[in-house]
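Notes for the structure review
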Amino acid sequence: LNKTLNKMTAKMLSDYNNQKQFTENAAHELQTPLAVIKSRIDLLIQSKTISAEDMEQIQEIEKSASKIAHLNKTLLLLSKIENRQFEESKQIELRSLIDKVISNFDDHIKSKNTVVKKIYSAHPVLQLNPLLAEILFSNLIQNAIRYTSGEGSVDIEITEHSFSISNPGTSLKGNEALLFNRFAKFNSSADSLGLGLAIVKQICDYYGFKIEYSYPGNRHFFIINY
């Protein structure tokens, strides 16, 4: 029995390493042809001999190439999180991080005439990987700003044990139970990959955080308990 278990464990470890290596290699190898495609498209766009009709087609191709490149990076990130390749961590002052993330979206906030309301009742410090921490809260804040209806407010609250963000908007068009699934899309945006909230959930699971979604009073609420 011991020999069988050792053999099975070795096989599982080998399969895991092979899958991990394949994912990394595939993502890496895709970067080169995508870079070449984008480079050639840029040259075509700069050409003065291209008709207006052809230019529209080229620009659509450029959008698709950019989307594939973004999808490639996003899926690789998800794979790395699953494989626990972000072990390095440091103490993150959550309030400072949130202020930094909000400032990164300052132009977007102003263009939509959105107001960001901050309610900080505590000063929590979390032990996180800096990159994953920024991705986690950037995705939630960007999502709230992007889908805020009209000139509403994005409300952010930080307590000793939780982070919450809410924004006004129409109800989701789909099954809320699938909200954090990969490629789940609840809006008509062609630019959305349907992976932002999947990454948020993956990072929360990575650190043992609990994330919840609700829709009271025509506002979308995301709450992370850490």
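Report follows, based on the coordinates. Throughout, a residue's number is its position along its own chain's written sequence, starting from 1. Reporting in this predicted model follows two pLDDT cut-offs: at least 70 for local features of residues, and 80 or more for side-chain atom pairs to be given and counted; totals over whole chains, interfaces and linings ignore these cut-offs and use all residues. Hydrogens are left out, water is left out, and the side-chain values use all remaining heavy atoms of the structure.

Before going further, it helps to examine the side chain of S166. Only runs of H or I of at least four residues qualify as helices and only runs of E of at least two qualify as strands under DSSP, and these elements are numbered from the N terminus. Looking at the secondary structure, you find S166 in strand 5 (residues 162-168). Among the polar contacts listed, one links the side chain of S166 to the side chain of R219, at a separation of 3.1 Å. Beyond its immediate chain neighbours, meaning those up to four positions away, S166 contacts S153, V154, D155, R219, H220 and F221. Under the rule applied, a polar contact is a pair of N or O atoms within 3.5 Å (in protein, one hydrogen donor and one hydrogen acceptor; residues adjacent in sequence only if both atoms are side-chain atoms). Residues count as neighbours in contact if any of their non-hydrogen atoms are within 4.5 Å of one another.

Right, let's talk about the sheet that holds strand 2 (residues 115-120) for a bit. The sheet built from 5 strands is open, its strands ordered 2-4-5-7-6 with mixed pairing. Of all strands in the sheet, those with a lone pairing partner are strand 2 and strand 6 (210-214), marking the two edges. Sheet twist, expressed as the mean angle between neighbouring strand axes with direction ignored, is 10°. Axis lines are fitted to C-alpha atoms, over the contacting stretch for helices. Their N-to-C directions set the angle, which ranges from 0 to 180 degrees. Contacts from helix 5 (residues 130-146) reach strand 4 (153-158), strand 5 and strand 7 (219-225) within the one sheet, and its direction differs from that of strand 5 by about 20°. At least two bridges found by DSSP between two strands is the condition for calling them paired.

So, on to the environment of Y207. Its place among the elements puts Y207 in helix 6 (residues 196-207). By relative accessible area, Y207 is classed as partly exposed at 22%. On a C-alpha basis, the gap between Y207 and Q127 in space is 9.2 Å, while along the polypeptide they are 80 residues apart. Dropping the residues within four chain positions of it, Y207 is found in contact with F86, Q127, L128, N129 and L132. Among the polar contacts made by the side chain of Y207, one reaches the main-chain amide nitrogen of N129 at a distance of 2.8 Å. Note on classification: 1.4 Å probe, protein chains only; a residue is buried when its accessible area is under 20% of the maximum for its type, exposed when over 50%, partly exposed between these limits.

Let us now look at the packing of helix 2 (residues 52-82) against helix 6. It is at 10 Å that the axes of helix 2 and helix 6 come closest, and there the two elements cross at 15°. Classed by the angle they form, the pair helix 2 and helix 6 counts as roughly parallel. As for how helix 2 packs across helix 6, the hand of that crossing is left-handed. For the pair helix 2 and helix 6, contact is made by T74, L77, L78, I81 and E82 and by A198, I199, Q202, I203 and Y206, respectively. Basically, the charged four are Asp, Glu, Lys and Arg, the nonpolar ten are Ala, Val, Leu, Ile, Met, Phe, Trp, Tyr, Cys and Pro, and anything else, Gly included, counts as polar. Class assignment of the residues belonging to the contact of helix 2 with helix 6 gives a composition of 7 nonpolar, 2 polar and 1 charged. Any angle that is under 35 degrees is reported as roughly parallel, and any over 145 degrees as roughly antiparallel; angles of 65 to 115 degrees are reported as roughly perpendicular and all others as oblique. Left-handed describes a crossing whose near helix is turned anticlockwise from the far helix by less than a right angle; the clockwise case is right-handed.

Between the rings of Phe, Tyr and Trp (Trp by its six-membered ring), a pair exists once the centres lie within 6.5 Å; its type follows the angle of the planes, with under 30 degrees stacked, over 60 edge-to-face, and the other angles tilted. Here the structure, examined in full by the defined rule, presents 6 aromatic pairs. Ring centres of F137 and F163 lie 4.9 Å apart, and the angle between their planes is 75°; this geometry places the pair in the edge-to-face category. One end of the pair, F137, is in helix 5; the other, F163, is in strand 5, with 26 residues separating them in the sequence. Judged by its relative accessible area of 0%, F137 falls in the buried class. On the basis of relative accessible area, F163 is assigned to the buried category, the value being 0%. Ring geometry for F209 against Y226: centres 6.1 Å apart, planes inclined by 65°, an arrangement best described as edge-to-face. Separated by 17 residues along the polypeptide, F209 in the loop between helix 6 and strand 6 and Y226 in the segment after strand 7 bring together distant segments of the chain.

Here we come to the environment of V115. Considering the arrangement of structural elements, one finds V115 in strand 2. Residues V115 and I145, spaced 30 residues apart in sequence, show a C-alpha to C-alpha distance of 9.3 Å. Beyond its immediate stretch of four places on either side in the chain, V115 contacts G152, S153 and V154.

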